[in-house]
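# Report on the structure
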Amino acid sequence: MNLISIADLTPEEILEVLDRADEMKARRNDPSRGEVLAAKSIAAIFEKPSTRTRVSLEVAMTELGGHALYLSSDDLQLGRGETVADTARVLSRYVHAIAARVYHHATVEELARYAAVPVINLLSDLEHPCQILADMMTMRERFGRLEGLKVAWVGDGNNVCNSTILAAALMGMEMVVASPPGFGPNGKILDQADRLGGGTVVVTDPVKAVCGADVVETDTWVSMGDEAEADRRKVAFQRYQVNSDLIRHAADEAIVLHCLPAHRGCEITDDVMDGPRSAILDQSENRLHSVKAVLERLMV
Ligand code: CP
Ligand code: NVA
């Protein structure tokens, strides 16, 4: 089994992963928790920088008794033209799973096609499934449920937004996305969410999206790989800042999420990030517990 898209998991499997992640969190310091990945290794290929994903994965593997190899794509023969297929075939002879953070979603799909071991998407231009598992874990901690929550995404219709749309459709959450014209979510993802039974609402007015929302989520205006468009994007996104004026329209108990890294003063203000509505540090921490549940599911 692979985790390339959050939709690779059924709703029941997502709930099992989240339940296990809760257990992992509660038992983190319990010495009897067991090392379920003893003598197992994962190869983690990174084409782009990372703080949370890399550290949470490496620590998770260590705490589960296994080992993670950090492989910058520049340091692999991949960077000198060895094919993705050959890389997948060879790594499969050494390790028990492959994880990859890539520019093009097709690269992680190709790894999965040729690997003989499970492949995990650590972020592509299309999706970030490990992130949305941590996000849902955080929502459940705060609200005790997912079904029926209203999630408002404010800003770029990017990889994290796409995974949130699919997760909302799978788990019965209401999803509203507010993006500037031309920066909305991927059309195929919206169609897929429709087929899964979740009608995503896409608007241009951030206030309309946030009205009554339980969860307000945002992300950078300039994702890795979009740097050439940075100036144009910063102009287009000016109205799409998550600030105290905007979150006043959300539900009384609303939480604010951001996958990080944040660009304080752009997509989110300091007072919101550091304020009482922010669940952002819990969300970050939950990357560790949720990825442990994923690793156990795929590698044991
Ligand atoms: N949220 C997230 O994936 O962060 P990193 O880019 O630091 O891994
Ligand atoms: N959308 C961001 C997420 C980083 C974790 C990016 O792709 O750069």
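Since the model is a prediction, treat every value here as computed from it, not as a measurement. (Residues numbered from 1 in each chain as written. Chains lettered and ligands numbered in written order. Predicted model: local features only at pLDDT ≥ 70, side-chain atom pairs only at ≥ 80, totals over all residues. Heavy atoms only, no water.)

## Details of the site of ligand 2
Here is the rule: Whether a residue is near a molecule or strand is decided by its heavy atoms; if any one of them lies within 4 Å of it, the residue is near. Here a polar contact means two N or O atoms within 3.5 Å. Within protein one must be a hydrogen donor candidate and the other an acceptor candidate, and residues neighboring in sequence count only if both atoms are side-chain atoms. Residue polarity is assigned by list, with Asp, Glu, Lys and Arg as charged and Ala, Val, Leu, Ile, Met, Phe, Trp, Tyr, Cys and Pro as nonpolar; anything else, Gly included, falls into the polar class.
With respect to spatial proximity, the complete set of residues near ligand 2 consists of Leu-123, Asn-158, Asn-159, Asp-219, Thr-220, Ser-223, Met-224 and Leu-260. Here Asn-158 contributes a side-chain N or O atom positioned 3.3 Å from a nitrogen atom of ligand 2. Each residue belonging to the shell around ligand 2 can be placed in one class, and the counts come to 3 nonpolar, 4 polar and 1 charged.

## Let's talk about the pattern of salt bridges
For side chains of opposite charge, pairing can occur when their charged atoms come near one another. Short version of the rule: The salt bridge definition used is simple: a Lys or Arg side-chain nitrogen within 4 Å of an Asp or Glu carboxyl oxygen. Helix and strand assignments follow DSSP, with helices taken as H or I runs no shorter than four residues and strands as E runs no shorter than two, numbered in order from the N terminus.
Applying the stated criterion to the full structure yields 19 salt bridges. The salt bridge partner of Lys-292 is Glu-63, with a shortest N-O separation of 2.6 Å. Of the two residues, Lys-292 sits in helix α12 (residues 280–299) while Glu-63 sits in helix α2 (residues 52–63), which places them 229 residues apart along the sequence. When salt bridges with common partners are traced through the structure, they connect Asp-156, Asp-226, Glu-229, Arg-232 and Arg-233 into a single cluster.

## Topic: the site of ligand 1
This is how it is decided: Throughout, the Shrake-Rupley method with a 1.4 Å probe supplies accessible areas, and for residues the shown protein chains are the sole cover considered.
Residues in contact with ligand 1, as listed here, are Ser-50, Thr-51, Arg-52, Thr-53, Arg-101, His-128, Gln-131, Cys-259, Leu-260 and Arg-287. Between ligand 1 and Thr-53, the relevant distance is 2.7 Å, taken from an oxygen atom to a side-chain nitrogen or oxygen of the residue. Contact distances for ligand 1 include 2.9 Å between a nitrogen atom and a side-chain N or O atom of Gln-131. Within the complex, 96% of the 250 Å² of free accessible area of ligand 1 lies under protein. The class makeup of the residues in the shell around ligand 1 is 2 nonpolar, 5 polar and 3 charged.

## Comments concerning the pairing of strand β3 (residues 97–101)
Note the threshold: Whether a residue is buried, partly exposed or exposed follows from its accessible area with a 1.4 Å probe, protein chains only, as a fraction of its type maximum: under 20%, in between, or over 50%, in that order. Pairing between strands requires that DSSP locate at least two bridges from one strand to the other. Viewed with both strands pointing away, a crossover whose connecting path from the first strand over the helix to the second turns clockwise is right-handed.
Among the 5 residues of β3, 5 are classified as buried, and the element is accordingly described as predominantly covered. Burial along β3 is two-sided: Ala-97, Ala-99 and Arg-101 facing one way and Ile-98 and Ala-100 facing the other are all buried. Bridge count for strand β1 (residues 41–46) against β3 is 5 bridges, and the pairing is parallel. Each residue of the ladder has a partner; that of Ile-42, found in β3, is Ala-97. As paired strands, β3 and strand β4 (residues 119–121) are joined by 3 bridges and run parallel to one another. Within β4, the position partnered with Ala-99 by the bridge is Ile-120. Where the polypeptide runs from β3 across helix α4 (residues 105–114) and back to β4, its parallel neighbour, the crossover connection is right-handed.

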